[in-house]
Amino acid sequence: MKAVDWNNLDDDLYKVFWDQNVRQFWVDEEIPISDDKQDWEGGLLTPDEKDIYEKILASLTLLDTEQGGMGMPSIILNVENLHAKAVFSFMCMMEQMHAKSYSTIFSTLAKQERIDELFEWVENNEIIQKKLSVIDGFYSGIEEEHGLYKALTASVLLETFLFYSGFFYPLWFAGHGKLIKSGEIISLIVRDESVHGVFTGLMAQKELEKIEDPLIVEQLKKDVIIMMEDLYELEIQYTKEIYAKVDLADEVLRYVEYNADKALMNLGLEPYFHIKESEVNAIVLNGINTETKNHDFFSTKGNGYIKNTTSQEIDDSVFDI
């Protein structure tokens with residue numbers, strides 16, 4: 001057994017991503033979700049819109065539960081580099097934070113009986129369970145030949161591709177000035193997923209570089225495209241089912257395709273759909289912009305929140321005006 005030595009790095013990449021993850025750390029209680037109750041109870045959303053919003057959050061909870069409970073832990077156990085293990089461990093913890101944050105939104109906006117119905121719905125939804133089964137298959141087979149590479153690519157597709165059909169609606173509402181605090185949590189999650197996808201994609205590329213046979217490398221790349229195509233077919237079914245009553249399915253699918261291309265690029269592969277930014281809903285596209293932004297002066301934490309790293313002792317002289 002070896003101890004992780006942060007003073008002896010074989011690649012500065014690990015320290016860069018460790019620092020970035022730490023700088024982004026947040027907890028769900030820091031966002032005043034109760035501010036959204038007036039929008040939720042004030043008639044600004046139709047019953048159909050509420051139903052879709054709740055089902056989307058339930059779906060996201062299931063996917064994050066898989067990532068935090070099965071996906072990332074499997075990768076942590078099988079990746080060799082100790083610094084990479086540390087970064088993945090931090091990211092794994094944040095996946096659980098994401099899953100918990102949806103419950104914070106639920107507990108603020110919905111009654112327990114409705115929450116129970118939603119979790120039962122997501123457990124019995126055939127399309128969602130199929131998506132999860134595909135991803136879980138790669139995590140379960142991680143110890144097979146080239147299994148780590150496949151698991152890493154599945155992780156990237158989950159976090160940079162599959163999550164985004166769910167992110168669309170909260171970001172769309174926040175962009176229209178509704179449920180802004182819930183949208184702020186989604187923005188923080190998007191910021192995390194952006195970093196997770198890039199780091200995991202780079203780790204996948206490192207795994208691919210270890211393989212000397214170019215034929216195997218090409219076959220693995222083709223396998224990624226096949227995996228993405230299979231997941232996209234399920235995503236089409238899910239999106240059309242979820243968004244049917246609000247006529248947003250086509251816009252959501254363009255958004256999903258746009259992020260599928262980003263996932264492939266994280267893996268060092270060429271885009272598949274070639275979706276331009278101009279083809280994506282501008283309001284939602286702005287919602288995944290990970291540059292610093294805040295909603296208002298009184299916001300508890302925007303995605304540009306910065307922790308104080310210095311302190312100064314206070315004594316009576318400070319108040320001697």
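It should be noted that the structure appears before, not after, this text.
A brief report on the enclosed structure follows.

1. Here we look at a negative patch on the surface
Part 1 of the argument: A surface patch of like charges, here negative, comprises Glu 113, Asp 116, Glu 120 and Glu 123.
Part 2 of the argument: Within the element layout of this structure, Glu 120 appears in helix H5 (residues 112-124).

2. Points about the packing of helix H10 (residues 214-243) against helix H11 (residues 249-266)
Part 1 of the argument: Between H10 and H11, the least distance of the axes is 10 Å, while the angle of their chain directions is 160°. Overall, the two elements H10 and H11 adopt an arrangement that is roughly antiparallel. As for how H10 packs across H11, the hand of that crossing is right-handed. Counted together, Val 224, Ile 225, Met 228, Tyr 232, Glu 235, Ile 236, Thr 239, Lys 240 and Tyr 243 of H10 and Ala 249, Val 252, Leu 253, Arg 254, Val 256, Glu 257, Ala 260 and Leu 264 of H11 form the full contact between these two elements.
Part 2 of the argument: Of the residues contributing to the contact of H10 with H11, the split by class is 12 nonpolar, one polar and four charged.

3. Considering the packing of aromatic side chains
Part 1 of the argument: One pass over the structure, following the stated rule, counts 21 aromatic pairs.
Part 2 of the argument: When the centroid spacing of 6.0 Å and the interplanar angle of 10° are considered together, the rings of Tyr 169 and Trp 172 count as stacked. With a gap of three residues between them, Tyr 169 and Trp 172 both fall in helix H8 (residues 164-175), about one helical turn apart. By the burial criterion, Tyr 169 is buried, and Trp 172 matches it.
Part 3 of the argument: Of the aromatic side chains, those joined through ring pairs into one cluster are Trp 40, Tyr 53, Phe 163, Tyr 164, Phe 167, Phe 168, Tyr 169, Trp 172, Phe 173, Tyr 243 and Tyr 255.
Part 4 of the argument: Taking NZ or CZ as reference, Lys 131 lies 4.0 Å from the ring centre of Tyr 238, over its face.

4. Focus on the pattern of salt bridges
Part 1 of the argument: Per the stated rule, a full pass over the model turns up 16 salt bridges.
Part 2 of the argument: With a shortest N-O distance of 3.4 Å, Glu 126 and Lys 130 are connected by a salt bridge. Linking Glu 126 with Lys 130, this pair stays in helix H6 (residues 126-140), spanning four residues, or about one helical turn.
Part 3 of the argument: With a relative accessible area of 41%, Lys 130 lands in the partly exposed category.
Part 4 of the argument: Across the salt bridge formed by Lys 221 and Glu 218, the nearest N and O atoms sit 3.9 Å from each other. Of the two residues, Lys 221 and Glu 218 are both situated in helix H10; the distance of three residues between them amounts to about one turn of the helix.
Part 5 of the argument: Residue class for Glu 218 comes out partly exposed when judged on its relative accessible area of 41%.
Part 6 of the argument: Each of Asp 51, Glu 54, Lys 55, Arg 114 and Glu 117 takes part in one network of salt bridges that share partners.

Rules behind the numbers
Residues numbered from 1 in each chain as written. Predicted model: local features only at pLDDT ≥ 70, side-chain atom pairs only at ≥ 80, totals over all residues. Heavy atoms only, no water. Patch = residues over 30% accessible without salt bridge, like charges linked within 9 Å, V, L, I, M, F, W, Y side chains within 5 Å. Areas by Shrake-Rupley, 256 points an atom, 1.4 Å probe, with all protein chains shown as cover. Salt bridge = Lys/Arg side-chain N within 4 Å of Asp/Glu carboxyl O. Lys, Arg positive; Asp, Glu negative; His and termini not counted. Charge placed at Lys NZ, Arg CZ, Asp CG, Glu CD. Helix = DSSP H or I, 4+ residues; strand = E, 2+ residues; numbered from the N terminus. Axes fitted to C-alpha atoms, helices over the stretch in contact; angles between N-to-C directions. Parallel < 35°, antiparallel > 145°, perpendicular 65-115°, else oblique. Left-handed = near helix turned anticlockwise from the far one by under 90°. Contact = heavy atoms within 4.5 Å. Nonpolar A, V, L, I, M, F, W, Y, C, P; charged D, E, K, R; others polar. Phe/Tyr/Trp six-rings, centres within 6.5 Å; stacked < 30°, edge-to-face > 60°. Buried < 20%, exposed > 50% of the residue type's maximum accessible area, 1.4 Å probe, protein only. Lys NZ or Arg CZ within 6 Å of the ring centre and 35° of its normal.

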